[in-house]
Amino acid sequence: MTRLPATRVSSSADQPPTSVKGFPIMTSVSQAIDRTAFGSAADAVLAAATEGDARVPGVVAMVTDRSGNLYEGAAGVRRVGTDDAITTDDVFALFSTTKAITATAALQLVEAGRLDLDAPAAEYAPKIGELQVLEGFDDAGNPVQRAPRSQPTTRQLLAHTGGFGYDFFDVNYCRLAVEHGQPSVITATAAALDTPLLFDPGERWQYGSNLDWVGQVVEGIVGDRLGKVFADKIFAPLGIENLSFELRADFRPRLAQIHSRADDGSLTPMDLELPSPPEVDMGGHGLYGTVGDYMKFIRMWLNDGAGENGRVLAESTVEMALRNHLGDLPVTALPGVIPSLSNDAEFFPGQSKSWSLPFMINNEKAPTGRPAGAQGWAGLANLFYWIDRENGYGGYWATQILPFGDPTSFTRYLELETALYDALG
């Protein structure tokens, strides 16, 4: 493969606006960086990611301050074996970076007085109240279940203490899939949601399909599909036009292909697509879209809930949502139960992490320079982002590779983040 050069654009160094459509936003200025030095360093990271035996096929990365993108870069190709250059306007399966947008929709309903975070989620999505706790399997291999000691609340679902998991991170869910035909969440079906709880709500943090159920809570309250709620209540005020639960016709010519990484480092296109249109708008993973439009969502959090066309969340809601909602419970490592889908993975091993309502919180200064209290997360095909409200920066790194925790993509993403903090001086 011929390496295609990284491309980037830099925004102006104007000060951020003090209001959007009459709504006040943060007036503190992002800490100044050496943009030339950062742009060169970021270009080098993207170029290096697409070189060598363990290269990524293609990558798009962007970094923003409170007023706009200060870096947009693309390197590599949409599909290995071609010269089809990836661009900053390309479309990605966003996987779990969908989750924070679903959390935002729920927070809007809290503001409106229509959602009580601490009421049983079954009050809004009755099907969740029918689920039992999986205690194990009997000698014949059949699931043994019991009634939960309490019903999961929407707050617990948002914080991933609701009791759900994923088959690629949990051996019991994997056994249900392999031995009992439990559909994967990527089928985007109602049947995929019909999984037992793995533990009583509130007992521990475990990453899983909790946000798919939050999407059902939102739909139960509003009476519309989640995609319409996003479009009307979040995307419109943010000026987002290229995020959708459907793989739209205009997306296909610029769709980055998902690849599988073999043990020898080679890449094979998978021709994997999420169902379109989906039976269920899956709030945990279902969006397609561009990195550029996701950056508008990141900027909303940097600007205390304000978007370029209006306010999405009240400043007080943002402050509440970004607190630690796990208490003393830790965010733990993700064990790769299905090797084709995920490696063992963890952000900042050995450091304390907690969870706000939309994001993971790093409780200590990260090795990249990200300060304690910053927020972020990831998506299955090795997409990563962070939001640093203290310094006023956020970034997103997008590749389309399975399994999750790809060493090249993850390492290069961390190098991009490090380059930003090095440029802060």
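The notes below deal with the structure included here. (Residues numbered from 1 in each chain as written. Predicted model: local features only at pLDDT ≥ 70, side-chain atom pairs only at ≥ 80, totals over all residues. Heavy atoms only, no water.)

So, the overall build of the chain
Okay, step 1: Per the secondary structure count, the chain includes ten helices and 19 strands.
Okay, step 2: Taken over the C-alpha trace, the chain has a radius of gyration of 21 Å; the compact-globule value for 425 residues is 22 Å, and the two agree within 12%.
Okay, step 3: The principal-axis extent of the C-alpha atoms belonging to the chain is close to 60 × 55 × 45 Å.
Okay, step 4: The buried share of the chain, reckoned over its 425 residues, is 60%.
Okay, step 5: Contacts in the chain between residues far apart in sequence, at least 24 positions, make up 71% of those at least 6 positions apart.
Okay, step 6: For the chain, the exposed area adds up to about 15700 Å²; of that, 49% sits on carbon and sulfur atoms. (Helix = DSSP H or I, 4+ residues; strand = E, 2+ residues; numbered from the N terminus. Rg over C-alpha atoms; globule rule 2.2 N^0.38 Å. Buried < 20%, exposed > 50% of the residue type's maximum accessible area, 1.4 Å probe, protein only. Contact = heavy atoms within 4.5 Å. Areas by Shrake-Rupley, 256 points an atom, 1.4 Å probe, with all protein chains shown as cover.)

What to know about the environment of Tyr-173
Okay, step 1: Mapped onto the fold, Tyr-173 is located in helix H4 (residues 171-180).
Okay, step 2: When its relative accessible area of 5% is taken as the criterion, Tyr-173 is described as buried.
Okay, step 3: In the structure, Tyr-173 is positioned 172 residues away from Ala-345 in sequence and 18 Å away in space, judged by C-alpha atoms.

So, helix H2 (residues 99-111)
Because each turn of an α-helix spans 3.6 residues, side chains separated by three or four positions end up pointing in the same direction.
Okay, step 1: Spanning 13 residues, H2 covers 19 Å between terminal C-alpha atoms, matching the ideal 18 Å at 1.5 Å per step.
Okay, step 2: Counting buried residues in H2 gives eleven out of 13 residues, a clear majority hidden from the surface.
Okay, step 3: Within H2, the full set of buried residues consists of Lys-99, Ala-100, Ile-101, Thr-102, Ala-103, Thr-104, Ala-105, Ala-106, Leu-107, Gln-108 and Leu-109.
Okay, step 4: Looking one or two places after H2, you find Gly-113, whose phi comes out positive at around 75°. (Expected span 1.5 Å × (residues − 1).)

As for the pattern of salt bridges
Okay, step 1: Counted by the stated rule, this structure contains 23 salt bridges.
Okay, step 2: The residue Arg-323 makes a salt bridge to Glu-319 at a minimum N-O spacing of 2.6 Å.
Okay, step 3: Residue Arg-323 is classed as partly exposed on the basis of its relative accessible area of 43%.
Okay, step 4: Through salt bridges with shared partners, a single network forms among Glu-135, Arg-146, Arg-149, Asp-200 and Glu-203. (Salt bridge = Lys/Arg side-chain N within 4 Å of Asp/Glu carboxyl O.)

Things to note about the packing of aromatic side chains
Okay, step 1: Summed over the entire model, instances satisfying the criterion amount to 29 aromatic pairs.
Okay, step 2: Taken together, a centroid distance of 4.9 Å and an interplanar angle of 15° make the contact between Tyr-166 and Phe-168 stacked. The same class applies to Tyr-166 as to Phe-168, namely buried.
Okay, step 3: For the ring pair Phe-359 and Tyr-385, a centre distance of 6.0 Å and an interplane angle of 80° mean the geometry is edge-to-face. On the criterion of sequence distance, the pair formed by Phe-359 in the loop between strand E14 (353-355) and strand E15 (360-362) and Tyr-385 in strand E17 (residues 383-388) is long-range, its members being 26 residues apart. Accessibility assignment for this pair places Phe-359 and Tyr-385 in one class, buried.
Okay, step 4: The ring of Phe-137 has Arg-175 sitting right over it, with the charged end atom 4.1 Å from the ring centre. (Phe/Tyr/Trp six-rings, centres within 6.5 Å; stacked < 30°, edge-to-face > 60°. Lys NZ or Arg CZ within 6 Å of the ring centre and 35° of its normal.)

Structural notes on empty space enclosed by the protein
Okay, step 1: By the definition in use, this model includes six cavities of 30 Å³ or more.
Okay, step 2: Space inside the largest cavity adds up to approximately 130 Å³.
Okay, step 3: Along the walls of the largest cavity sit 15 residues, with Ser-96, Tyr-166, Phe-168, Tyr-207 and Leu-380 positioned nearest its centre.
Okay, step 4: Classifying every residue of the lining of the largest cavity by side-chain character gives twelve nonpolar, three polar and no charged. (1 Å grid on protein atoms, 1.4 Å probe; cavity = no way out; pocket = protein on both sides within 12 Å on 5 of 7 lines; lining within 4 Å. Points joined across faces, edges and corners; volume = space filled by probe spheres on them. Nonpolar A, V, L, I, M, F, W, Y, C, P; charged D, E, K, R; others polar.)

Examining the nonpolar core
Okay, step 1: Of all hydrophobic cores here, the largest spans 136 residues; its most connected members are Phe-38, Trp-301, Tyr-396 and Trp-397.
Okay, step 2: Each residue touching Tyr-396, except ones within four places of it in the same chain, is listed here: Val-60, Ala-61, Met-62, Leu-94, Thr-97, Val-291, Tyr-294, Met-295, Ile-298, Leu-383, Phe-384 and Tyr-385. (Core = buried A, V, L, I, M, F, W, Y, C linked by side-chain atoms within 4.5 Å.)

Some points on the sheet that holds strand E5 (residues 91-93)
Okay, step 1: One open sheet accounts for three strands, arranged E5-E11-E8; its pairing is antiparallel. Two strands close off the open sheet at either side, each with one partner strand: E5 and strand E8 (243-244).
Okay, step 2: Bridging between E5 and strand E11 (residues 288-290) involves three bridges; their strand directions are antiparallel. Directly across from Val-91, in E11, lies its bridge partner Thr-290. (Pairing = 2+ DSSP bridges.)

So, the side chain of Lys-99
Okay, step 1: If you trace the backbone, Lys-99 turns up in helix H2.
Okay, step 2: With no salt bridge to any partner, buried Lys-99 finds its closest opposite charge in Asp-212, at an N-O distance of 6.0 Å.
Okay, step 3: Within the structure, the side chain of Lys-99 is placed 2.6 Å from the side chain of Tyr-166, a separation counted as a polar contact.
Okay, step 4: For Lys-99, the side chain forms a polar contact with the main-chain oxygen of Gly-284, separated by 2.8 Å.
Okay, step 5: Setting aside residues up to four positions removed in sequence, Lys-99 forms contacts with His-160, Tyr-166, Tyr-207, Gly-208, Leu-211, Gly-283 and Gly-284. (Lys, Arg positive; Asp, Glu negative; His and termini not counted. Polar contact = N/O pair within 3.5 Å; in protein donor to acceptor, adjacent residues only side chain to side chain.)

Some thoughts on unusual backbone geometry
Okay, step 1: At the junction of Ser-276 and Pro-277, the peptide bond is cis and its omega measures out at -5° in the coordinates.
Okay, step 2: With respect to the element layout, Pro-277 can be found in the loop between strand E10 (267-269) and E11.
Okay, step 3: Across the junction of Leu-402 and Pro-403, the peptide omega takes the value 5°, indicating a cis bond.
Okay, step 4: Note that Pro-403 resides in the loop between strand E19 (401-402) and helix H10 (407-424).
Okay, step 5: At Ala-188, a position not held by glycine, the phi torsion is positive, near 55°.
Okay, step 6: Tracing the backbone shows Ala-188 in the loop between H4 and helix H5 (190-193).
Okay, step 7: A relative accessible area of 5% places Ala-188 in the buried class.
Okay, step 8: Positioned with a positive phi, Phe-348 is a non-glycine residue whose angle comes to about 50°.
Okay, step 9: Here Phe-348 shows up in the loop between helix H9 (315-321) and E14.
Okay, step 10: Exposure remark for Phe-348: the relative accessible area of 6% places this residue in the buried category.

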